[in-house]
Structures are given as C-alpha cells and as structure tokens.
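# Remarks on the overall topology
Next come the chains, spelled out residue by residue.
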Amino acid sequence: MDKVNCYHCGNDCGNKPVEYDGKNFCCNGCKTVYDIFSTNDLSYYYDLQESAGSTPTIVEGKYDFLNQASIIEKLLEFNEHNLQIINLYIPHIHCSSCIWILENLNKLNAAISTSQVDFPKKTVRIVFNPEILNLKELVILLARIGYEPYISLDDFDKGEKKVDRSLIYKLGVAGFAFGNVMFLSFPEYFEVDEFWLDQYKGVFRWLMFTFSLPVVLYAGQDYLISAYKGIRSNILNIDVPIALGILVLFIRSTLEIIFDWGTGFFDSLTGLIFFLLLGKFFQQKTYSFLSFERDYKSYFPIAITRINSRNKEETVQVYDIKKGDRLLIRNEELIPVDGILINGRAQIDYSFVTGESEPVFKESGDKIYAGGKQLAGAIEMDVLKSVSQSYLTQLWSNTVFSDKEGSKFQTLTDSIGKRFTWAVLTIAFVATAFWLYNDSSKAMNVFTAVLIIACPCAIALAAPFTLGNMLRIFGRRKFYLKDTQTIEQLAQIDTAIFDKTGTITTTQKSSAAYEGMRLSAEEESLLKNTLRASNHPLSRTLYDMLAEHNIVPLDEYQEHLGQGLEGKKDEDHIKIGSADFVGNLADSDPQNTSVHISSNNAYKGRFVFNNHYREGVSRVFNEMKGDLDLAILSGDNEGEKARLEKILPKLTPLYFNQKPNDKLEFIKSLQDQGKKVMMVGDGLNDAGALAQSNVGIAISENVNVFSPACDGILDASKFEQVYKYIIASRKAMGIIKWSFLLSLLYNIIGLYFAVTGQLEPVIAAILMPLSSISVVGFTTLATNFLGKKLI
C-alpha cells in the first residue's frame, strides 16, 4: 500500500487512514480539527467547547478600553488604514496544538492575514484588517477560543514584562511536603519497634497522604495537564510517562494505606516531583544565564545617516539614535525606527513587515514605520522613539519571509521525540511484567524509574544550545547571523562567491580623479544631491569627495540597478553611471573603474577610481583555496583584472560586467550542479544574489546594509576572519553530534539500571534534569572553547 499522509498534520496515516470529506486523516482528532476550521463557523467551535464545559465567560465591557485610539496606538506595532500588527502575550500557550490553532486564526476570521507564535515567550504576532475586525473584536475572539491575552498598559508604559513565579511557589510546596514526608517515614525506614510509633502508624501514613495531595494536585499539575492535552490531541509527549509514573505512585500508595498493605511510596512521590521541579528551575536559570537568543544582536552594525544641529550629515550606529533626531534615508534603505516624514516623497515597501509588496505613498507630516524600505530617492524623517533592535531582528528572522531548506538536526530531533515516548512506555511495561513474574517487590520501582529516567530533553537541547551559543559568540566577533539555521547552512558551504566593489575593496581609502569638461555650479549641486540618495559604494565615495552644496529635494530620482542613477531638478537633468548608460558609446579607457556623467543628455566626463583592497584579501583566498570553489563576480569592467590575478590564487575565476540578474543566474546555475553557495556582497546592490545563495553575507562598512535578503552581516574589520567562521560552523556541527551521542549513552545506561531494578524513582528524578544540564554544560563549554580560537 502506498504511503498516505494526513491532510491535517502531515504524519503517516499508517494502514488504516480515517477517510472524511474525500481526504485522509491519521486519527479522529485530526479529522475533528479539520472539520472545525474547514467550516469557518465559530459557533461550531464554541458548541464543541460548551459540550466540554470549557467556553470562557467574557465579562461584558471588559475590553471596552480597546476602543480608545490612544490606547490602540500604544499597543500596535504597525498601523495603516487597512492593516494593523499586534504582538500579544498569551499565558495559556502550552503545546503544539495551541500553536496550530493560534497560527490558523485566519481560518476562523478572514480579516486575519497571518499569525505567528513565539512559543518560548508565549506571544503571538497577528496581522489583521481593522476595517473588518477591530482590536477589541480580535481580543474577544482569542478569549472565546481559550487563549485570552494578558494586556497591561502599565507594563507597556514601563517596558516591563510580567514575571511568572508559579514554578518557585510549586517548588516551595513540593520541598516542604517532601521534607515532612521523609521525617514521617523514618520509623518505617528503620523499622523502629516502639509502642507509641506503632500506635500512631496509621496517623503518620494519613499525614503523608495529606502532604502528598498539594504536591500531586498543585505542584505536579503541569505534568498531568500537559499529558492530558497531549493525549487529547493524539500526541504522546514526554510528559505522558512522567504523569503516568506520578499517578501510579499516588494510586498505589493510597491503596496501600487504605487497605493497610504498607506505607506506600509517598516519599518517592513527593521527592520525584520536587526534584523534577528543581531540575526545571535550574534549567530555566541556566537558559536565562546564557540568554543567547537575541541579546547578541543588540549592537549589530546598522549604520544610519543623521543630520545634526549644524545641518551636517554624520554616520552613526542605529542604536545611538534618539527621539527627536533627524535621519536621512537613502534609496532602497530600510527605515530603522518609527518617525514623521519631513522632506522628500516617500514610496515605502512594507513587505518586510506585512508580507504585502504594494508600496505605500506618504507625504510630509505622515507617520512612517520601522521596517519599511524607501523606494524613490532620499527622504528625511524625525524620530518618534528610540530604536527597538529586537523588533528589527524579529522581522529579519521572521519565518514567513524565509524559504531556505529546513534543519536536518531539527528533523532528527522531532523524529526521535515522536518515537521516544512509545519506546519508553513499551520498555516500562515489558520490564514491569518481567519483575512481576520474578520479584513483584521490585515491579513498582522498576516501572516508575523507567518512566522517569528516560528523557529526550538532552537530545532536544543539543542543537538549539550549541547553535544558539555560536550565534552569541559570532555576534561578539562582529559576525551577525539571522538565525541558528544559517550556521548549519554555513557548515555545508562548498563554494564561495565574492563581489568586488565594497566587498573585497574598501571605500574608506578609495580616491577618484575627474577627467572631462568642467561642471557648472548648478550641475555640481544636482550631481551632489543625486548621489546623496544612492547607497552604492562608489556613489557614497564620490558623494563624500565632492564639495558641499545646499541640500535641495529632487523633482525626480531613479536608480537603475547595475547601470546608474538619474536625477531631475526644474529643467536640469543628470545621469551618473556606466558609459553606456550616460550615452558615451566611445569610452576611451574601459580598463579603469569609472563613473561617467552626462548633463541634459550632453556627455561631461568621468571620475576614475583607484581601488584599495582590504587587508588580508590574499590570505583569506589562499586559506579557502583547495577547500572551497572560489569566484569573483563584479559589475565593473576588466580594469582590475591584472591586479586581481596577482592578489588572488592562480586560476581563480574572475567575471566582470555582471548585472545583478547575471549574478543571481550564475549562483542558480551552480546550485543546479549541487553546489552549496555562499555569496558575500555589499547588501543592497547584491540583494538578488544574496537571496538566491544558500548563505548570503553582507559586508558592513558605514553603510546601511540591513536587508531581508541577507542571512548575515559581517563587520568589514572582520573580513579576514570569514573562513574561520565557516570552519567554526563545521566544528559546531561536530559538537551537536557528540552531544547526541552523550545523550544516547545517558539514556542507555540509565534505562539499564532502571530495568534491572537498581535505581530508585527518587534517584531517577535527580538524574533526569542532570542529563539536560550536562548536555547544556558540554555544548556551552565546547562552543566557548571554539569561540576563543576565533580571537
């Protein structure tokens, strides 16, 4: 029989798929969820909840404050007339079923475009149309399906997040009960034969039962609830065997004291839950201490041009921007912060934020939002609030805009996780049956110890902690990557392609000489103002070299990728770029890097550039030679060919006069041959090639290179380290494999002692979190050692 995948979850349906509505499902649960969402009928969903007694009651008027425009403005990340974006904290997000429902809100209401869950932070980012569904109605919708958001305006004003202390309270209850149960169990441990103790033995046992109740019903409730939700969703998560172990211990112990069979296992039960919670607490503290997730990006190099109080332009890092600053945003640059448009005509592409590519036109005085890209020349804006780096990096890492191939380690982890619980349950029942036949006194301990000791958590943590810590280490070394998956891609690279201008050459030391007819003052002013809007490395170099002129807004501005610029003011028109573009068909010296000028369709002359190559270019290419296939793709002519042949290893392919689309097609042709390609370019001008490559790296040198197309940003001062970053990525993959092996050995050895009856449940509860902490410790130490080699 051919393999049939479930229409809802994609899992293999096995030999007996459930057929419904002309589709195949792996279980009735998937069929039911499909039925709910395919009807687009909320009442059906509410009816199902009511039948289960789980529909939340919405207090009338509770969310009326969400009708006030001033409050809405505080809560929203993005606000246009037909599109709003909000990030809501949802305390009730617990499992994969929660994620699935929240990421399919668009099937409940067509006004919701997309919704994306951040599971660790328990937040959901929702894009919706306020003309159809307002914010109040959205929040009520979430509350009615059981995911009421936590909204506190005080927290928004202070920038603080609600601290969840429930784990500490549960740990305190479990620890208090465990200590008392241990004391009450001492007479049983030492078999003390004393009248007073024998007389009140029953009281002691019932006291132990009383102490165990809050431990099971309160401190251990997360394990029981998670297991119940998993089973209800037809998912056997790792909490199922833990919950089963807790229930078996509690029920068996209760029966023993009711029928006076013995003292039960209340000491093991309370100790088990206490040590499980203690392990979870230390895990959280360990994760919080490392805090690799986004902090490393707090100072990644997004350069921006600020206009100071003397009306001078200065290049500063984006994290130095403050409210009230005046910024210059050039053509194709990303707007880094919310603000008010002051000068220029804004034509903004918000696809980075919303996924919608239709440009939005703005006039002076309109509000513009961080994450938009200016498409029509230079604009000036007034900053409304300081930069939120986390917001920009959240957009950068948004999976909605990523089409790179998935992580093989994540696939392996998921595959192990799905089969792990079944394997543990099978081993537990087989081992228990064996001991019931051979030595029934050990059966209960064996059953519980097996359920507790086996844990896939260490396997699940190996990849995210190794790669996450490498992200932090790379960030400290001024190499900023979009996400952990990029490291995995980087380790597989076998071909490296480099752009020339602004990548292996530096704009800091470039010089140019003018050859041609003298430009009038009006032409120089128009030239300067046209160059002001461009972010191309040659444009920026030329702009900094020219004499100062008054800033005047252009009537028209156009940038032709791979060709040049043109600007218009009143009746004057200027073209800047290649000889062909400006109309000079008889270029007398095509061997030099030149920028040609024409004014009002009359050729004026050219600026001839003297390129300076970055320090260490020759050494970097020689290090890569033999390991990686190398090539240079340049939009310039062959003027630098002889010089490059001296600097680079022999037979390095050099391709000149490459248009942006030519670069993209070149990379695509390599990928068709099975190559894994890294493209290193200047960010904006190589966006197509960067996006097409397996890993696209933008070089940052006082230029705003922040672009959705690139997977990483490398500070120009660290160009010499680029090959070392690739080697470090490969070694990080080795660390993950060693971590998998360490975790596998732990589970095999732990199960051996548990199955043979040599392991008490309480000891198993101590060892279970220690396995996770040991893997985290190993990956952290190994990656930190690896990071020291990068210095």
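Being a predicted model, the structure only gives us computed values, none of them experimental.

## Observations regarding the overall build of the protein chain
Along the backbone of the protein chain there are 28 helices and 28 strands. In the protein chain, which comprises 791 residues, the share counted as buried stands at 50%. When the accessible surface of the protein chain is split by element, carbon and sulfur atoms take 54% of a total near 37100 Å².

## Let's talk about the confidence of the model for the protein chain
Chain-level statistics for the protein chain give a pLDDT mean of 77 and a share of 75% at 70 or above. Here residues 40-56 scores under 50 on pLDDT; set against residues more than four positions off or in separate chains, the count is 27 contacts.

## What about the sheet that holds strand β11 (residues 346-349)?
The strand order β12-β11-β14 describes an open sheet built from 3 strands, whose pairing is antiparallel. Of all the strands in the sheet, just β12 (360-362) and β14 (373-374) have a single pairing partner and so form its edges. Bridging between β11 and β12 involves 3 bridges; their strand directions are antiparallel. Each residue of the ladder has a partner; that of I348, found in β12, is V360.

## Regarding unusual backbone geometry
A positive phi angle is found at D570, which is not glycine, with a value near 55°. Here D570 shows up in the loop between β20 (564-569) and β21 (572-577). Not every positive phi belongs to a glycine, and L651 is a case in point at roughly 70°. Within the secondary structure, L651 sits in the loop between α24 (641-647) and β25 (654-655).

## Points about the sheet that holds strand β22 (residues 594-599)
Strand order in the open sheet formed by 6 strands is β18-β23-β22-β21-β20-β19, and the pairing between neighbours is antiparallel. If you trace the sheet from one side to the other, it starts and ends with β18 (511-516) and β19 (556-560), each paired once. Across the sheet, the mean angle from the axis of one strand to that of its neighbour is 15°, orientation sign disregarded. Docked against the sheet, helix α20 (residues 521-532) engages β19, β20, β21, β22 and β23 (602-610), running at close to 55° with respect to β21.

## Some words on the nonpolar core
Core analysis: the biggest nonpolar cluster contains 51 residues, and F474, F498, I504, M624 and M678 have the highest contact counts within it. Residues contacting M624, with those up to four places away along its chain left out, are A496, F498, L630, M678, V722, Y723 and I726.

## Quick notes on the pairing of β11
Each regular strand shows side chains that alternate between the opposite faces of the sheet. Examined bridge by bridge, β11 and β14 share 2 bridges and lie antiparallel to one another. Paired with I348 across the bridge in β14 is Q374.

## Regarding helix α5 (residues 135-144)
Among the 10 residues of α5, 7 are classified as buried, and the element is accordingly described as predominantly covered. When α5 is considered as a whole, its buried residues turn out to be L135, L138, V139, I140, L141, L142 and A143. Residue N134 occupies the N-cap position of α5, its side-chain oxygen lying 3.2 Å from the main-chain nitrogen of K136. Of the residues one or two after α5, G146 is the one with positive phi, at around 95°.

## Quick word on a negative patch on the surface
Together, E522, D555, E556, D570, E571 and D572 make up a region of like negative charge exposed at the surface. By secondary structure assignment, the location of E522 is in helix α20.

## A look at the pairing of strand β6 (residues 123-128)
With 6 of 6 residues buried, β6 is to be regarded as a mostly interior element. Alternating residues of β6 divide into T123, R125 and V127 and V124, I126 and F128, and every residue in both groups is buried. The pairing of strand β4 (residues 83-89) with β6 spans 6 bridges and is classified as antiparallel. Bridge pairing links I85 to V127 in β6. Both strand β5 (residues 112-118) and β6 contribute to a ladder of 6 bridges, which runs antiparallel. For T114, the partnering residue across the bridge sits in β6 and is V127.

## Quick notes on helix α25 (residues 660-672)
Spanning 13 residues, α25 covers 19 Å between terminal C-alpha atoms, matching the ideal 18 Å at 1.5 Å per step. What α25 keeps buried is the set K663, L664, F666, I667, L670 and Q671. Seen end-on, α25 carries its buried residues on one side only, within an arc spanning 160°. Turning to α25, the residues buried within the fold contact β17 (495-499), β24 (629-633), β25, β26 (677-681) and α26 (687-692). The positive-phi residue at the C-terminal boundary of α25 is G674, with phi of around 90°.

## Remarks on the environment of D439
With respect to the helices and strands, the residue D439 is situated in the loop between α15 (408-438) and α16 (440-453). For D439, a relative accessible area of 28% gives the class partly exposed. Put simply, D439 and G757 are 318 residues apart on the chain and 9.8 Å apart in space, counted from C-alpha to C-alpha.

## Things to note about the packing of helix α18 (residues 484-491) against helix α27 (residues 722-755)
Across the interface, α18 lies against α27 with an axial gap of 8 Å and an inter-helix angle of 105°. It follows that α18 is roughly perpendicular to α27 by the angle criterion. Residues I487, E488, L490 and A491 of α18 form the contact with α27, whose own contacting residues are Y725, I726, S729, R730 and M733. Tallied by class, the residues present in the contact of α18 with α27 amount to 6 nonpolar, 1 polar and 2 charged.

What counts, and where the lines are drawn
Residues numbered from 1 in each chain as written. Predicted model: local features only at pLDDT ≥ 70, side-chain atom pairs only at ≥ 80, totals over all residues. Heavy atoms only, no water. Helix = DSSP H or I, 4+ residues; strand = E, 2+ residues; numbered from the N terminus. Buried < 20%, exposed > 50% of the residue type's maximum accessible area, 1.4 Å probe, protein only. Areas by Shrake-Rupley, 256 points an atom, 1.4 Å probe, with all protein chains shown as cover. pLDDT = per-residue confidence, 0-100. Contact = heavy atoms within 4.5 Å. Pairing = 2+ DSSP bridges. Axes fitted to C-alpha atoms, helices over the stretch in contact; angles between N-to-C directions. Core = buried A, V, L, I, M, F, W, Y, C linked by side-chain atoms within 4.5 Å. Polar contact = N/O pair within 3.5 Å; in protein donor to acceptor, adjacent residues only side chain to side chain. Patch = residues over 30% accessible without salt bridge, like charges linked within 9 Å, V, L, I, M, F, W, Y side chains within 5 Å. Salt bridge = Lys/Arg side-chain N within 4 Å of Asp/Glu carboxyl O. Lys, Arg positive; Asp, Glu negative; His and termini not counted. Charge placed at Lys NZ, Arg CZ, Asp CG, Glu CD. Expected span 1.5 Å × (residues − 1). Arc of directions from axis to C-beta. Parallel < 35°, antiparallel > 145°, perpendicular 65-115°, else oblique. Nonpolar A, V, L, I, M, F, W, Y, C, P; charged D, E, K, R; others polar.

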